Amino acid sequence: MFRSRAKEEKAPADKAVVTDSMQPRDPQAKKGRPTPKRSEAQSQRRSVATTPTSRKDASKRQRDERRAQLDRQRQALAGGDERYLPVRDKGPVRKFAREFIDSRFNVAEFFLPMAVVILVLSMVRVGSLQTIALLLWLVVIVLIVLDSFVTSFRLRKQLAERFPDQNRRGAVAYALMRSLQMRRLRLPKPQIKRGARP
């Protein structure tokens, strides 16, 4: 009763626009919206071109980006490029810890070859050889523990002197884990010779 006629007239017009949008528009008729600026139109076209149209395209694009990132990381681990290293290897503190370990001989890096020798000796059915193998196990473990203790003490001291204001958390454990690996199998590859100062 008190409804305005303008609203009643507008409603069918809106519906007509929605339903008639599929039909071709008269070229002389107005668009009903302002023409976008050239820069806006170009940016819209670019975003449409780069945005994946389906979930399959998006996942393929993510896979390709991930593969490229892993390739960069692999090359950085082989060549020592700081920009693309994984987060755990980045930073001057971690680099110093790596160089500290790579510049010296560590007992722990010979653990795997010694373990193979000891296992072979322990498998031989001779009592004296099995006793020697057991003693070798004990000697190797004691040497590794002592060497790790001395290395961690010296490294902690050096890090405190060189990087007093930086976060050194986890650097000693990182270095000790690196010392357990054989030199040629370490990643990132050693960038310093044995005997050189880090």
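The structure displayed is predicted, hence computed values, not measured ones.

Rules behind the numbers
Residues numbered from 1 in each chain as written. Predicted model: local features only at pLDDT ≥ 70, side-chain atom pairs only at ≥ 80, totals over all residues. Heavy atoms only, no water. Helix = DSSP H or I, 4+ residues; strand = E, 2+ residues; numbered from the N terminus. Buried < 20%, exposed > 50% of the residue type's maximum accessible area, 1.4 Å probe, protein only. Contact = heavy atoms within 4.5 Å. Arc of directions from axis to C-beta. Phe/Tyr/Trp six-rings, centres within 6.5 Å; stacked < 30°, edge-to-face > 60°. Lys NZ or Arg CZ within 6 Å of the ring centre and 35° of its normal.

Student: Lay out the side chain of Asp-102 in plain terms, naming residues and giving numbers.
Tutor: Among the secondary structure elements, Asp-102 is positioned in helix H4 (residues 92-102). Residue classification places Asp-102 among the buried positions, given a relative accessible area of 2%. In contact with Asp-102, other than residues within four places in its own chain, are Arg-178, Arg-183, Arg-186, Pro-190, Gln-191, Ile-192, Lys-193 and Arg-194.

Student: I'd love a proper account of helix H7 (residues 171-179), names of residues and values included.
Tutor: Burial in H7 covers these residues: Ala-171, Val-172, Tyr-174, Ala-175, Arg-178 and Ser-179. An end-on view of H7 places all buried positions within 160° of arc, on one side of the element. The elements touched by buried residues of H7 are H4 and helix H6 (127-162).

Student: A description of the packing of aromatic side chains should follow, citing residues and the corresponding values.
Tutor: Tallying each qualifying case throughout the model produces three aromatic pairs. Aromatic pair Phe-96 and Phe-100: ring centres 6.3 Å apart, planes at 40°, arrangement tilted. Taken together, the residues Phe-96 and Phe-100, both in helix H4 and four residues apart, mark about one turn of the helix. When sorted by exposure, Phe-96 lands in the same class as Phe-100, which is buried. The exposure class assigned to Phe-96 is buried, which follows from its relative accessible area of 4%. One residue, Arg-94, lies across the ring of Tyr-174, its end atom 4.9 Å from the ring centre. Positioned over the ring face of Phe-105 is Arg-194, at 4.1 Å from the centre of the ring.

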